[in-house]
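Chain residues, written in single-letter form:
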Amino acid sequence: MLSLLLQITTATAPADTTAALTEGAAEAAETSVSLIDLAMAGGWAMIPLALLSLAAVYIFMERYLTLKKAAQNPSGFNDRIKSMVLSGDINGAKMLCAQTNTPISRMIGKGLTRIGNPLKNIETAIENVGKIEISRLERNLAALATIAGAAPMLGFLGTVTGMIEAFIAIAQAEGTISPKLLSSGIYQAMVTTAVGLIIGLPAYVGYNYLVSKIDSIVHSMEYSSIEFLDLLQEPQL
């Protein structure tokens, strides 16, 4: 009799364990929240945050591609310009600059058009073109920096409004306060804060990365312009 009871218990235990695991998985599936549900729970603040995220991605990618193209100074460009100027082929040097679409080529090209004028005038013309090129390189960077600061602040604003809604629900509730009554306000408070930081941190890192790229390009522009001005003092033009 005892052996029969042990066999029955051993046979039913796996079935009970399987049933418990199945019920636990079903409950976990019911309580899991999708990203779409979290976004909806964030409330009104998710709309401007979504717009800021799209703007940040667009600005970063557009500036990244622009700076990558601006940094691609053709190999041997400065040497070819130097060789042409020393040989007196100014028109050939101008044509080479016109065919090369970089900030450095435009600065050197402007200097070539001023050859024959005092060196100070040539330097001023190159500096003016350089300022214009730097302004083009820095376009929309201020907007990216604004997004990096505004997104977390907007997320915190959503947090404040969410907590206000939660406290209003507590004040208007009669009797026992259920967690479900406070869930919408708390969801909004937590979700908007997280999303604001998720947008702001990459935007801040991206902004600093683009600034470092611009600094590198500006350094190359300054070096090339100084080298060109030194070159003009060598030949007798």
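Just so we're clear, the structure is a prediction, and the values are computed from it rather than from any experiment. In this numbering scheme, every chain counts its residues from 1 along its sequence in written order. This being a predicted model, a pLDDT of at least 70 is required before a residue's local features are given, and a value of 80 or more before pairs of side-chain atoms are given or counted; all residues contribute to the totals for chains, interfaces and linings. Excluding hydrogens and water, the side-chain values take into account all heavy atoms of the structure.

Peer 1: Go over the overall build of the protein with me, naming the residues and quoting the values.
Peer 2: Broken down by element type, the protein carries nine helices and zero strands. The way it works is that DSSP assigns letters per residue, a run of H or I at least four long becomes a helix, a run of E at least two long becomes a strand, and they are numbered from the N terminus. Reading the helices (α) and strands (β) of the protein from amino to carboxyl end gives α-α-α-α-α-α-α-α-α. For the protein, the residues scored as buried account for 31% of the 237 residues in total. Per-residue and other accessible areas were derived by the Shrake-Rupley procedure at a 1.4 Å probe size, with only the shown protein chains allowed to occlude residues. Total accessible area on the protein is roughly 14800 Å²; 64% of this is exposed by carbon and sulfur atoms. The classification of residues rests on relative accessible area computed with a 1.4 Å probe and restricted to protein chains. Under 20% of the type maximum is buried, over 50% is exposed, and intermediate values are partly exposed.

Peer 1: Lay out a nonpolar patch on the surface with the relevant residues and their values.
Peer 2: A surface patch of nonpolar side chains, about 350 Å² in accessible area, is lined by I47, L51 and L54. Mapping I47 onto the fold places it in helix 3 (residues 46-70). Patch membership is restricted to residues that have no salt bridge and whose relative accessible area is over 30%. Joining uses 9 Å for like charges and 5 Å for the nonpolar side chains Val, Leu, Ile, Met, Phe, Trp and Tyr. By definition, a salt bridge exists where a carboxyl oxygen of Asp or Glu is found within 4 Å of a side-chain nitrogen of Lys or Arg.

Peer 1: Lay out the nonpolar core with the relevant residues and their values.
Peer 2: Formed by 40 residues in total, the largest nonpolar core has its most connected members in I81, V85, I108, L112, L137 and F228. Secondary-structure elements contributing two or more residues to this core are helix 3, helix 4 (77-86), helix 5 (90-99), helix 6 (103-113), helix 7 (119-137), helix 8 (141-172) and helix 9 (179-232). Among the elements that make up this core, the one with the highest residue count is helix 9 (12 residues). Each nonpolar core is a collection of buried residues, namely Ala, Val, Leu, Ile, Met, Phe, Trp, Tyr and Cys, held together in the definition by side-chain atoms within 4.5 Å.

Peer 1: Which residues make up the packing of helix 5 against helix 6, and what are the values?
Peer 2: Contact geometry of helix 5 with helix 6 gives a least axis separation of 9 Å together with a crossing angle of 150 degrees. Between helix 5 and helix 6, the interaxial angle falls into the category roughly antiparallel. Remark: the crossing between helix 5 and helix 6 carries left-handed chirality. Between helix 5 and helix 6, the contacting residues are I90, A93, K94 and C97 on the first element and S105, I108, G109, L112 and T113 on the second. Residue classes follow a fixed rule: Ala, Val, Leu, Ile, Met, Phe, Trp, Tyr, Cys and Pro count as nonpolar, while Asp, Glu, Lys and Arg count as charged, and any other residue, Gly among them, counts as polar. Looking at side-chain class alone, the contact of helix 5 with helix 6 contains five nonpolar, three polar and one charged residues. The axes are straight lines fitted to the C-alpha atoms, using for helices just the contacting stretch, and the angles between their N-to-C directions are given from 0 to 180°. With respect to orientation, any angle under 35 degrees is reported as roughly parallel, any angle over 145 as roughly antiparallel, any angle of 65 to 115 as roughly perpendicular, and every other angle as oblique. Take the far helix as the reference: if the near one is turned anticlockwise from it by less than a right angle, the crossing is left-handed, and if turned clockwise, right-handed. Here, two residues are considered to be in contact whenever any of their heavy atoms come within 4.5 Å of each other.

Peer 1: Before we move on, could you go through helix 6 and cite the residues and values that matter?
Peer 2: Residue pairs spaced three or four apart in an α-helix point in one direction, given the helix's 3.6 residues per turn. Counting buried positions over the 11 residues of helix 6 gives eight, a clear majority of the element. Listed in full, the buried residues belonging to helix 6 are P103, I104, S105, M107, I108, G109, G111 and L112.

Peer 1: I'd like a description of the pattern of salt bridges, backed by residues and values.
Peer 2: Applying the stated rule across the entire model yields three salt bridges. With a shortest N-O distance of 2.8 Å, E62 and R63 are connected by a salt bridge. Measuring nitrogen to oxygen at the nearest pair gives 2.7 Å for the salt bridge that ties R106 to E133. A residue pair is termed long-range when its members are at least 10 positions apart, and R106 in helix 6 and E133 in helix 7 qualify at 27 residues. Taken together, the salt bridges that share partners define one network made up of R106, E133 and R136.

Peer 1: Please give an account of the side chain of R63 that cites residues and values.
Peer 2: Mapping R63 onto the fold places it in helix 3. The exposure class assigned to R63 is buried, which follows from its relative accessible area of 3%. Separated by 3.0 Å, the side chain of R63 and the backbone oxygen of L137 make a polar contact. When near neighbours in sequence (up to four residues on either side) are disregarded, R63 contacts R136, L137, E138, R139, L141 and L210. Distance and chemistry together define a polar contact, namely a pair of N or O atoms within 3.5 Å, with one atom able to donate a hydrogen and the other to accept it when in protein, and with adjacent residues in sequence counting only for side-chain atoms on both sides.

Peer 1: Break down the packing of aromatic side chains for me, with residues and values.
Peer 2: Here a pair means two rings of Phe, Tyr or Trp (six-membered ring of Trp) with centres within 6.5 Å. Their orientation is stacked below 30 degrees between planes, edge-to-face above 60, and tilted elsewhere. By the definition in use, this model includes three aromatic pairs. Aromatic side chains F60 and Y64 sit 6.2 Å apart centroid to centroid with 15 degrees between the ring planes, which places their arrangement in the stacked category. With F60 and Y64 both in helix 3 and four residues apart, this pair spans about one turn of that helix. Residue class for Y64 comes out partly exposed when judged on its relative accessible area of 28%. What links up through ring pairs into an aromatic cluster is the set F60, Y64 and Y209.

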